[in-house]
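Descriptive analysis of the structure
Here is how the chains run, residue by residue.
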Amino acid sequence: MDKLVIQGPTKLKGEVTISGAKNAAVAILPATLLIDGICKIENLPNISDVRTYCKILETLGAKITWFSDNEIEIDTRNIGCTQAPLDMTSRFRASYYLLGALLGRCGAAEVGIPGGCNLGARPIDQHIKGFEALGAKVDVAQGKISAKVKKLTGTSIYMDIVSVGATINVMLASVLAEGTTTIDNAAKEPHIVDVANFLNTMGADIRGAGTDVIKINGVKSLHGDTTYSVVPDQIEAGTFMLAAVASKGDILIKNCIPEHLDCITAKIVEIGGTVEDLGDSVRVSMNKRPNKAIVKTLPYPGFPTDLQPQMGVVLSVADGISTINESIWDSRFQYTAELNKMGAKIAPQGGKTAVFEGVKGLVGSQVCATDLRAGAALLVAGTIANGETHLYNLQHIDRGYENIEEKFRNLGAKIQRVSEPDETMCDT
Ligand code: EPU
């Protein structure tokens, strides 16, 4: 099992290029099942979730050709199976998109109950409500979810909560349905828009993605023979923006969409940093200790929960007492126990709020990535801490960040991946 050994402190300086968005990629890959043809996808992040998804698609009959680390061709003309391998699908969250895509393509789907990061309860009742409204029968039993339908028929669906996954899943299921489907109270994240753009490029008729009402006019079929490039990763860009602030550095973040980063920019400016919008890049710099702040995570365009731990690192060294309120997940403060091992003074108040008493600096320690974004946050903490940090449980980070240590090394971080015997792994 690998660990990262990080020598700090370092002021991160230089340029970094952002990869394609993980949460768009893991929806676009299953969306290819709706196409009876061949399509090419570019700017695909080379991360373990994407590689796993490609293997799952192959077991369903897709033929995948890799042209480079970030470019593939998928031939979905011979999809012959509606049962996705349970061991692979129950390992990660985004496997739930196979339900919408296979229902749309074949009228049946079976996947393992989705796993993923442990962030508290992760129900999928809104996905199921959407499929049932479109006419499907859904069963959840013995560790798997099965769905079946004779004919999907468009309808109006009101989402009781704003859900990224349910919005995309219903979109996938309704693209080939008969008639019009309306999703009210839809999620508006950039990856929702990206999945809709991908499907529309292939011949779908989806309108309103990026607003809270999405209309999907069912079409008879989707065509292939098209190339699509995945949107830059908002969360990876935000991670490097916050790394610049935490390390009192200066980073040019290339290949990003500044508009997607507005809520992060606003917080960075509030705490004393500088953000320059350069069109397809942003430059973030900080030359003092951050000011304290109050942060509340919200669905897009609010402050993203997936940047909450990285913001937590910034506030752990801010001047004064800060508060973070996590409104999406019940259990996203597990990283604070690890940061406290590094000298932070963070007091979680139940699952949803934590109080950060800013300290002057962090010290290197042995810490464990408790989930994907916690891992990225602890990596940033290691680069700003005095001394040596050993960061374990890298499988979480590798699920969602492409070449993360190389990207940090290029910014001046002293960071090495080394192999470690299994008994030193964290127990999370
Ligand atoms: N929820 C329900 N019922 C549902 C679906 C969701 O109650 O049927 C609740 C959840 O429990 C949560 C809230 O609604 O409290 C929002 O969940 P959402 O469905 O939006 O989350 P998700 O689709 O499971 C995606 C990302 C997460 C990200 C969230 C919120 C993917 C594969 N995952 O999850 O990303 O935190 O949206 O933005 O897109 C990450 O990348 O590290 C990550 C965890």
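Here's a quick rundown of the structure. Keep in mind it's a predicted model, so treat the numbers as computed, not measured.

**Looking at the site of the ligand**
Around the ligand there are 25 residues in total, and Tyr-96, Gln-126, Ser-163, Asp-306 and Ile-328 lie nearest to it. One of the backbone nitrogen or oxygen atoms of Gln-126 is found 2.7 Å away from an oxygen atom of the ligand. Burial of the ligand by the surrounding chains reaches 89%, relative to a free accessible area of 830 Å². Breaking the shell around the ligand down by element, the ones donating at least two residues are helix H1 (22–31), helix H5 (125–133), helix H6 (164–174) and helix H12 (372–384). It is H5 that provides the largest number of residues to the shell around the ligand, a total of 3 residues. Grouping the amino acids of the shell around the ligand by side-chain chemistry returns 12 nonpolar, 6 polar and 7 charged.

**Some details on the nonpolar core**
Ranked by size, the top nonpolar core spans 77 residues in total, and within it Leu-29, Leu-98 and Leu-199 carry the most contacts. A per-element tally of this core places H1 first, with 7 residues. Counting residues in hydrophobic clusters, the runner-up holds 68 residues, among them Leu-12, Val-295, Leu-307 and Ile-415.

**Some remarks on helix H7 (residues 190–201)**
For H7, with 12 residues, the first-to-last C-alpha span of 16 Å sits near the 16 Å given by 1.5 Å per residue. With its phi angle positive at about 110°, Gly-203 sits one or two positions after the end of H7.

**Examining the environment of Ile-161**
Following the sequence through the fold, Ile-161 ends up in the loop between strand S9 (156–158) and H6. For the pair Ile-161 and Gly-100, spaced 61 residues apart in the sequence, the C-alpha separation amounts to 18 Å. In contact with Ile-161, other than residues within four places in its own chain, are Gln-126 and Asn-185.

**A few points about unusual backbone geometry**
Of note, the bond from Gly-8 into Pro-9 is cis; its omega dihedral lies within 30 degrees of zero at 0°. Here Pro-9 is to be found in the loop between strand S1 (2–8) and strand S2 (13–17). That bond from Tyr-300 to Pro-301 is cis: its omega, 10°, falls within 30 degrees of zero. If you trace the backbone, Pro-301 turns up in the loop between strand S17 (294–296) and helix H10 (308–316). Phi at Asn-185 takes a positive value of approximately 60°, unusual for a residue other than glycine. Structurally, the position occupied by Asn-185 is in the loop between strand S10 (180–184) and H7.

**Let's talk about the state of the cysteines**
All told, the structure shown has 0 disulfides when counted by the stated rule. A disulfide-free cysteine, Cys-39 has its sulfur positioned 11 Å from the sulfur of Cys-54, the nearest such atom. A residue is classified by how much of its surface remains accessible, and Cys-39, at 2% relative accessible area, is buried. Not part of a disulfide, Cys-81 finds its nearest cysteine sulfur in Cys-106, a span of 8.5 Å. Cys-81 sits in the partly exposed class, given a relative accessible area of 24%.

**Things to note about the packing of aromatic side chains**
Tallied over the full model, the rule gives 5 aromatic pairs. Plain terms: the ring middles of Tyr-96 and Tyr-97 are 4.7 Å apart, the flat faces sit at 75° to each other, and that makes the pair edge-to-face. According to the relative accessible area criterion, Tyr-96 is buried, its value standing at 9%. Centroid distance Phe-333 to Tyr-335: 6.3 Å. Interplanar angle 40°. Geometry classified as tilted. Note on Phe-333: relative accessible area 7%, which makes it buried. Relative accessible area serves as the criterion here: at 1%, Tyr-335 is assigned to the buried category. The ring of Phe-67 carries Lys-40 above its face, with NZ or CZ at 5.1 Å from the centroid.

**Brief notes about the sheet that holds strand S19 (residues 345–349)**
Pairing is mixed across the open sheet formed by 4 strands, whose spatial order is S17-S18-S20-S19. Single-partner strands in this sheet number two, and they are S17 and S19. Across the sheet, the mean angle from the axis of one strand to that of its neighbour is 15°, orientation sign disregarded. Summarising the sheet, S19 and strand S20 (residues 353–357) pair through 5 bridges and their orientation is antiparallel. Of the residues in S20, the one forming a bridge with Ile-346 is Phe-356. In the packing of H10 onto the sheet, contacts are made with S17, strand S18 (321–325), S19 and S20, and the angle to S18 comes to roughly 170°.

**Examining the pairing of strand S5 (residues 71–75)**
Here 4 bridges tie strand S3 (residues 38–42) to S5, and the two strands are oriented antiparallel to one another. Residue Ile-38 lies in a different strand from S5, and its bridge partner there is Asp-75. Relative to S5, strand S4 (residues 63–68) runs antiparallel, the two being bridged by 5 bridges. Residue pairing for S5: Trp-66 is matched across the bridge by Ile-72. The antiparallel pairing of S4 with S5 creates a hairpin that spans 2 residues between the two strands.

**Details of the sheet that holds strand S14 (residues 250–254)**
Across the sheet, which stays open at both edges, the 4 strands sit in the order S2-S14-S16-S15 with mixed pairing between neighbours. Of all strands in the sheet, those bounded by a partner on one side alone are S2 and strand S15 (274–277). Mean inter-strand twist for the sheet, computed between neighbouring axes without regard to direction, equals 15°. Packed on one face of the sheet, helix H8 (residues 234–246) meets S2, S14, S15 and strand S16 (281–285) and runs near 170° to S14.

**Structural notes on the pattern of salt bridges**
On inspection of all chains with the given rule, the structure shows 21 salt bridges. The partner of Arg-332 in a salt bridge is Asp-306, with the nearest N and O atoms 2.6 Å apart. You can see Arg-332 sitting in the loop between S18 and helix H11 (335–341) and its partner Asp-306 sitting in the loop between S17 and H10, a full 26 residues away along the chain. Across this residue pair, the class does not change: Arg-332 and Asp-306 are buried. Linking Asp-330 and Lys-352 is a salt bridge whose minimum nitrogen-to-oxygen distance equals 3.4 Å. Here Lys-352 lies in the loop between S19 and S20 and Asp-330 lies in the loop between S18 and H11, a separation of 22 residues in the sequence. Exposure remark for Asp-330: the relative accessible area of 41% places this residue in the partly exposed category. Sharing partners across several salt bridges, the network here consists of Asp-2, Asp-398, Glu-405 and Arg-417.

Reading the values: the criteria
Residues numbered from 1 in each chain as written. Predicted model: local features only at pLDDT ≥ 70, side-chain atom pairs only at ≥ 80, totals over all residues. Heavy atoms only, no water. Near = heavy atom within 4 Å. Polar contact = N/O pair within 3.5 Å; in protein donor to acceptor, adjacent residues only side chain to side chain. Areas by Shrake-Rupley, 256 points an atom, 1.4 Å probe, with all protein chains shown as cover. Helix = DSSP H or I, 4+ residues; strand = E, 2+ residues; numbered from the N terminus. Nonpolar A, V, L, I, M, F, W, Y, C, P; charged D, E, K, R; others polar. Core = buried A, V, L, I, M, F, W, Y, C linked by side-chain atoms within 4.5 Å. Buried < 20%, exposed > 50% of the residue type's maximum accessible area, 1.4 Å probe, protein only. Expected span 1.5 Å × (residues − 1). Contact = heavy atoms within 4.5 Å. Disulfide = S-S within 2.5 Å. Phe/Tyr/Trp six-rings, centres within 6.5 Å; stacked < 30°, edge-to-face > 60°. Lys NZ or Arg CZ within 6 Å of the ring centre and 35° of its normal. Pairing = 2+ DSSP bridges. Axes fitted to C-alpha atoms, helices over the stretch in contact; angles between N-to-C directions. Salt bridge = Lys/Arg side-chain N within 4 Å of Asp/Glu carboxyl O.

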